[in-house]
Every structure is written in C-alpha cells, then in structure tokens.
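# Structure assessment
Take a look at the letters that make up each chain.
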Amino acid sequence: MFTDSHCHLNRLDLTKYDGKLAGAIAAMKAANVNRAMAIMCDIAEYDDIYQIVQQYSDNTLTLGMSVGVHPCEDLAVLESATVERLVEMASADHVWAIGETGLDYYWSDENIQAQQASLTRHVHASQILKKPLVIHTREAKHDTLAVLKAEKAEHGIIHCFTEDWETAKQALDLGLYISFSGIVSFKNAQSLRDAALKVPKDRLLIETDSPYLAPVPKRGKPNEPAYVPYVASCLAELFAMSTEAVAELTTKNFNNLLEQYH
Ligand SMILES: [Zn+2]
C-alpha cells in the first residue's frame, strides 16, 4: 500500500478519464495507492475537497484533507486564514493537517510579511488542534526555518522537499518529516537525491503534489496520485531497497505523523 501525502485532488487534469474523477480514483486503487491527503490552498476550496473526500473514501481508499492557505495566494486570501477560522474548519476528523502554508519568495516577494504572519497563524492552529503542518518553502528556507523555530513548530511535513541537506537537517531537528515528490526522480536532481540518502528512514514521506511535477517516466504529463509508486521506486533504487519496502516505510511514517499527539 502506498500513501500519497500531498495531492490536489480537486485540481487534477481528468482529460484521459473523460473528465471523471472516478477514473483517477480507480487508477489509484489499481496502483495500490490506498491513502491520500487532499491539500487545500484557499479557503474557497474547502467544500469541493470535502465533497471528494466524502464521496470517494471507502474500504479500499482512505482520503483525508488539509485546511489552510498557500503562501502564493493574494493578500485577502492570506488574511482570511485567522487562527479561529482555521481551528473551526480543521477540527473535524476528516481534516488531517493544517496547510499548505509556508513561504514562497519565488512567485511573490511582495507579501513577505503577510506570508510570515499567515504561517505563524497556521502554526498556532496546528498547535491548538495537535494536527501536523504541511509546509511549502521556495526561495525562503532561512525565513521558513526562522518562523518555525520561533514558534516551536515541531509537528509537520516539509512538502515537496527541494532544498539542501543543511535545511533538511534543521527541519528534522525540529521534529518535522521530509516529503519527496517526483522532483527527486528528475535527471538534474542529484543533489536532492544526495540529501534524500541522509534523511532518517523513519522521517521520510512520498507525495505526488499532483497535478504538478509528474515523476519520471511520466515527467511533463499531468500528474495524478496513481503515480506515487514512481516516486517510491526512485527512492527504492537510491536506498537499494524494494519499492514495496519504501511503500511500507512511508505509509508507517504517515501513520506516526497522524498519531504523534493522539
Ligand atoms: Zn501542493
């Protein structure tokens, strides 16, 4: 069984499934992807994601969701995520995590202060609910770590990890998990694979971040949760383990992440 720790189920490109999400869900099951966390980027997405989670969860597929606001959203959306609102929206059992939040200075460095304030509010909501954070960081590793350290954020995932070992080490020291996406399979990602080799095996997760960033051999195509085994097999090759062992390991790690404070 594979766990996709991060996918945007409400944003998949469903062209090859005649526009039907049921097609992508069937493909997940056929690929033994039996659990996935559907990630929210904007409060306006809540209803759509919740509906998907409700409709497609069954005895062969466990779906949960996150609640949060992505750092690249505009100022009004960032500010809509107050601690009270996050806590209220995220207290139900089908909400597994808070995010995706974080800092992104690559796409937008105009809202730096608003992004930092939003990340801080997400950390507080995560601490109140004892649910893990889902953290995005791009061109902002120093500030991301500074906020997490200042707020004592110790429960969560650095998602779609693309930074160096030093950054991974600091996140691991805080207690965070490191999730690898299809980027780890890209030809030019040797330094990322070198970092992945050093991550303790009990802190590793895998994800698709679908519909973005399809792993090799699907690179350039729309990504979907059914492709998370390709991420696992890339890591398996790197670690000289079987793909099944990586599937088992990352699934167990995801269980531990959800159980951390329960
Ligand atoms: Zn994402």
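Rules used in this analysis
Residues numbered from 1 in each chain as written. Predicted model: local features only at pLDDT ≥ 70, side-chain atom pairs only at ≥ 80, totals over all residues. Heavy atoms only, no water. Donors = N, O, S within 2.8 Å, 3.2 Å for Na, K, Ca; no water. Tetrahedral: all angles 85-135°; square planar, octahedral: opposite > 155°, others 65-115°. Salt bridge = Lys/Arg side-chain N within 4 Å of Asp/Glu carboxyl O. Helix = DSSP H or I, 4+ residues; strand = E, 2+ residues; numbered from the N terminus. Buried < 20%, exposed > 50% of the residue type's maximum accessible area, 1.4 Å probe, protein only. Core = buried A, V, L, I, M, F, W, Y, C linked by side-chain atoms within 4.5 Å. Phe/Tyr/Trp six-rings, centres within 6.5 Å; stacked < 30°, edge-to-face > 60°. Lys NZ or Arg CZ within 6 Å of the ring centre and 35° of its normal. Expected span 1.5 Å × (residues − 1). Contact = heavy atoms within 4.5 Å. Axes fitted to C-alpha atoms, helices over the stretch in contact; angles between N-to-C directions. Parallel < 35°, antiparallel > 145°, perpendicular 65-115°, else oblique. Left-handed = near helix turned anticlockwise from the far one by under 90°. Nonpolar A, V, L, I, M, F, W, Y, C, P; charged D, E, K, R; others polar.

### Overview of the coordination of the zinc ion
Taken together, H6 (NE2), H8 (NE2), E100 (OE) and D209 (OD) make up the full set of protein donors to the zinc ion, lying 2.1 to 2.4 Å away. Each of the four donor atoms bound to the zinc ion contributes to angles spanning 85 to 173°, and the resulting shape is irregular.

### A closer look at the pattern of salt bridges
With the rule as written, the count across this model stands at five salt bridges. Residue D58 pairs with K29 through a salt bridge whose shortest N-O separation is 2.6 Å. Here D58 is found in the loop between α2 (46–56) and β3 (62–67), whereas its partner K29 is found in helix α1 (residues 21–30), with 29 residues between them in sequence. Looking at K29, the relative accessible area reads 27%, which means it is partly exposed.

### What to know about the nonpolar core
With 81 residues, the main nonpolar core has M65, V67, L148, I178 and F180 as its most contacted residues. With seven residues, the single largest contributor to this core is helix α9 (residues 228–239). M37, W96, Y177 and L258 belong to the second-largest nonpolar core, a separate cluster that totals 11 residues.

### Some details on the packing of aromatic side chains
The way to describe two aromatic rings as a pair is by their centre distance and the angle between their planes. Under the criterion given, the structure shown has five aromatic pairs. Ring geometry for Y227 against Y230: centres 5.7 Å apart, planes inclined by 65°, an arrangement best described as edge-to-face. For Y227, a relative accessible area of 7% translates into the label buried. Its end group placed over the ring of F239, K201 keeps NZ or CZ at 4.0 Å from the ring centre. Taking NZ or CZ as reference, R219 lies 3.6 Å from the ring centre of F186, over its face.

### Focus on helix α10 (residues 243–259)
Compared with an ideal rise of 1.5 Å per residue, which puts 17 residues at 24 Å, α10 spans 24 Å between its outermost C-alpha atoms and is within 8% of the ideal. Turning to α10, its buried residues are V246, A247, L249, T250, T251, N253, F254, L257 and L258.

### Some thoughts on the environment of S185
By the element assignment, S185 lies in the loop between β7 (177–180) and α8 (190–198). Residues S185 and L235, 50 residues apart in the sequence, show an inter-C-alpha distance of 8.1 Å. When sequence neighbours within four positions are dropped, the list of residues in contact with S185 reads R193, P215, V216 and C234.

### Structural notes on the packing of helix α4 (residues 83–90) against helix α5 (residues 112–129)
For the pair α4 and α5, interaxial distance at closest approach is 9 Å and the crossing angle is 45°. In terms of orientation, α4 and α5 fall into the oblique class. Note on packing geometry: the crossing formed by α4 with α5 is right-handed. In this structure, α4 uses V83, L86, V87 and A90 to contact α5, whose residues at the interface are R121, H122, H124, A125, I128 and L129. Looking at the contact of α4 with α5 residue by residue, the class counts come to seven nonpolar, two polar and one charged.

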